[in-house]
Amino acid sequence: MDESRLMLMETAKLELESFSQVYNLISDKCISKCVAPGKGAGEELAVGETACLDRCLVKVLETQTFISTVLQKKQEMQMGAMMPGMGGPPGGPGGPGGMGGPPM
């Protein structure tokens, strides 16, 4: 199996693990925090419980998105370091435009 396929498989595995962690976090933290103890399956949630779950879910998903973005950028930087001349910003030494882009 070539290196790119291995990397894709590893990325898919990490995404699945990440999804599982988010699901477990939501289940463990948000439900235990927001839903009254002893509430049975099928019982309707109170307005406050629903609002609490909504806020908790948004926080968890925003955090997960932020972490995923940071990890993806880090992986892209590592890939660029592994393949000199292939990565880098446009106008930089590895991109179109030669030895540098416009001054920043």
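Here is a short report on the structure shown in this document.

**Topic: the overall build of the chain**
Phase 1: On a plain count of helices and strands, the chain comes out with 2 helices and 0 strands.
Phase 2: Split into buried and exposed, the 104 residues of the chain put 14% on the buried side.
Phase 3: Across the chain, the fraction of contacts at a sequence separation of at least 24, relative to all contacts at a separation of at least 6, is 32%.
Phase 4: In the form shown here, the chain has an accessible surface area of approximately 8,500 Å², with 65% of it arising from carbon and sulfur atoms.

**Looking at the state of the cysteines**
Phase 1: The tally for this structure, following the rule as stated, stands at 2 disulfides.
Phase 2: Across the chain, the disulfide pattern expressed with sequentially numbered bonded cysteines is 1-4, 2-3.

**Remarks on the environment of Leu 57**
Phase 1: Mapped onto the elements, Leu 57 comes out in helix α2 (residues 47–82).
Phase 2: For Leu 57, a relative accessible area of 32% corresponds to the partly exposed category.
Phase 3: Between the C-alpha atoms of Leu 57 and Ser 27, which are 30 residues apart in sequence, the distance is 9.9 Å.
Phase 4: Ignoring anything within four residues of it in the chain, the contact list for Leu 57 reads Ile 26 and Cys 30.

**Observations regarding the nonpolar core**
Phase 1: Within the largest apolar cluster, 8 residues are counted, these being Val 22, Cys 30, Cys 34, Val 35, Cys 52, Leu 53, Cys 56 and Val 60.
Phase 2: Within the residue set of this core, elements represented by two or more residues are α1 (3–34) and α2.
Phase 3: At 4 residues, α2 tops the list of elements feeding residues into this core.
Phase 4: Residues within four places of Leu 53 in sequence aside, it is in contact with Cys 30, Ile 31, Cys 34, Val 35 and Leu 45.

**Focus on the environment of Cys 56**
Phase 1: Structurally, Cys 56 can be placed in helix α2.
Phase 2: Note on Cys 56: relative accessible area 11%, which makes it buried.
Phase 3: Expressed as a C-alpha distance, the spacing of Cys 56 and Lys 29, which sit 27 residues apart in the sequence, is 8.5 Å.
Phase 4: Among residues more than four places away in sequence, those in contact with Cys 56 are Cys 30 and Cys 34.

**Things to note about the packing of α1 against α2**
Phase 1: One way to put it is that α1 packs onto α2 with a least axis distance of 10 Å and a crossing angle of 160°. Relative to α2, the element α1 lies roughly antiparallel. As α1 runs across α2, the sense of the crossing is right-handed. Each of Glu 3, Met 7, Thr 11, Ser 18, Val 22, Leu 25, Ile 26, Cys 30, Ile 31, Lys 33 and Cys 34 in α1 lies in contact with α2, whose residues at this interface are Glu 49, Cys 52, Leu 53, Cys 56, Leu 57, Val 60, Leu 61, Gln 64, Gln 75, Met 79 and Met 82.
Phase 2: For the contact of α1 with α2, the class distribution of residues is 15 nonpolar, 4 polar and 3 charged.

Cut-offs used in this document
- Residues numbered from 1 in each chain as written.
- Predicted model: local features only at pLDDT ≥ 70, side-chain atom pairs only at ≥ 80, totals over all residues.
- Heavy atoms only, no water.
- Helix = DSSP H or I, 4+ residues; strand = E, 2+ residues; numbered from the N terminus.
- Buried < 20%, exposed > 50% of the residue type's maximum accessible area, 1.4 Å probe, protein only.
- Contact = heavy atoms within 4.5 Å.
- Areas by Shrake-Rupley, 256 points an atom, 1.4 Å probe, with all protein chains shown as cover.
- Disulfide = S-S within 2.5 Å.
- Core = buried A, V, L, I, M, F, W, Y, C linked by side-chain atoms within 4.5 Å.
- Axes fitted to C-alpha atoms, helices over the stretch in contact; angles between N-to-C directions.
- Parallel < 35°, antiparallel > 145°, perpendicular 65-115°, else oblique.
- Left-handed = near helix turned anticlockwise from the far one by under 90°.
- Nonpolar A, V, L, I, M, F, W, Y, C, P; charged D, E, K, R; others polar.

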